[in-house]
Amino acid sequence: MERTLVILKPGTLQRGLVGEVISRFEKRGLKLVAMKMKQLTPEILDVHYAHLKNKPFFPWLRDGMMAAPVILCCWEGFEAVRVVREMAGATNARNAAPGTIRADYSLSAQENVVHTSDSVENAAIELDRFFVPEDYCEYSSPLNQYIYAPDEK
Ligand code: UDP
Ligand code: MG
């Protein structure tokens, strides 16, 4: 099973959408294996969004990600990185496909509800950025036989 990082952005917390957004991943069948609330810092955001450092909007992005705490989640599932990213939808929420989280809850290229890892490789790097091994909870998933076929793991 793959693991991927989802960050519920500050606006998601302020707008009271934390439960609804988490519920969408739960209902899809993904397994929540780690979760915490954190106030992000300039230092961690400089690393997390290093690929955008030279963009004119970077200061706004960083301020927006520090405007309130975020909720960090690790979701586990078969092909979870791609599945979760597709559930989020296009970066610019105005272009996101109907039914995606960004389309259903936002209208902005910046204030777009969730961060999701964009590849298996980056998911591992990003999870290490925010979680330590003790943060991950091991527990059985008795409904897995109703969520996956035997070869989907
Ligand atoms: N972002 C922005 N304006 C843009 C592109 C991105 O404000 O034109 C912000 C937005 O919050 C986005 C984040 O920067 O979620 C990271 O950008 P990335 O290209 O990695 O998009 P994502 O992986 O979040 O879809
Ligand atoms: Mg990205």
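Residues numbered from 1 in each chain as written. Chains lettered and ligands numbered in written order. Predicted model: local features only at pLDDT ≥ 70, side-chain atom pairs only at ≥ 80, totals over all residues. Heavy atoms only, no water.

**Student:** Honestly, the packing of helix H2 (residues 18–28) against helix H5 (residues 80–88) in this entry has me stumped. Any pointers?
**Tutor:** The relative placement of two packed helices comes down to the angle between their axes together with the axis-to-axis distance. The N-to-C vectors of H2 and H5 enclose an angle of 135°; their axes lie 12 Å apart at closest approach. With respect to each other, H2 and H5 are oriented oblique. As H2 runs across H5, the sense of the crossing is right-handed. Only Val83, Val84 and Met87 of H5 make contact with H2, whose side of the interface consists of Arg24, Phe25 and Arg28. Considered class by class, the residues forming the contact of H2 with H5 number 4 nonpolar, no polar and 2 charged. (Axes fitted to C-alpha atoms, helices over the stretch in contact; angles between N-to-C directions. Helix = DSSP H or I, 4+ residues; strand = E, 2+ residues; numbered from the N terminus. Parallel < 35°, antiparallel > 145°, perpendicular 65-115°, else oblique. Left-handed = near helix turned anticlockwise from the far one by under 90°. Contact = heavy atoms within 4.5 Å. Nonpolar A, V, L, I, M, F, W, Y, C, P; charged D, E, K, R; others polar.)

**Student:** I tried to follow the sheet that holds strand E3 (residues 70–77) on my own but got confused; where do I start?
**Tutor:** Spatial strand order, E2-E3-E1-E4: 4 strands in an open sheet with antiparallel pairing. The sheet is open, and its two edges are formed by strand E2 (31–38) and strand E4 (114–116), each paired on a single side. Within the sheet, the average angular offset between the axes of one strand and its neighbour, ignoring direction, is 20°. As paired strands, strand E1 (residues 2–8) and E3 are joined by 7 bridges and run antiparallel to one another. For Ile7, the partnering residue across the bridge sits in E3 and is Leu72. Sitting on the sheet, H5 touches E1, E3 and E4, and the angle it makes with E1 is about 30°. Along the sheet face, helix H7 (residues 120–130) touches E1, E2, E3 and E4 and points at about 60° away from the line of E1. (Pairing = 2+ DSSP bridges.)

**Student:** I tried to follow the environment of Phe131 on my own but got confused; where do I start?
**Tutor:** As for its position among the elements, Phe131 is in the loop between H7 and helix H8 (144–147). A residue is classified by how much of its surface remains accessible, and Phe131, at 4% relative accessible area, is buried. On a C-alpha basis, the gap between Phe131 and Lys36 in space is 8.8 Å, while along the polypeptide they are 95 residues apart. Setting aside anything within four residues of it in sequence, one finds Phe131 in contact with Leu5, Ala34, Met35, Lys36, Leu72, Cys73, Cys74 and Tyr136. (Buried < 20%, exposed > 50% of the residue type's maximum accessible area, 1.4 Å probe, protein only.)

Fair warning: the whole summary comes from geometry, so function is off the table for now.
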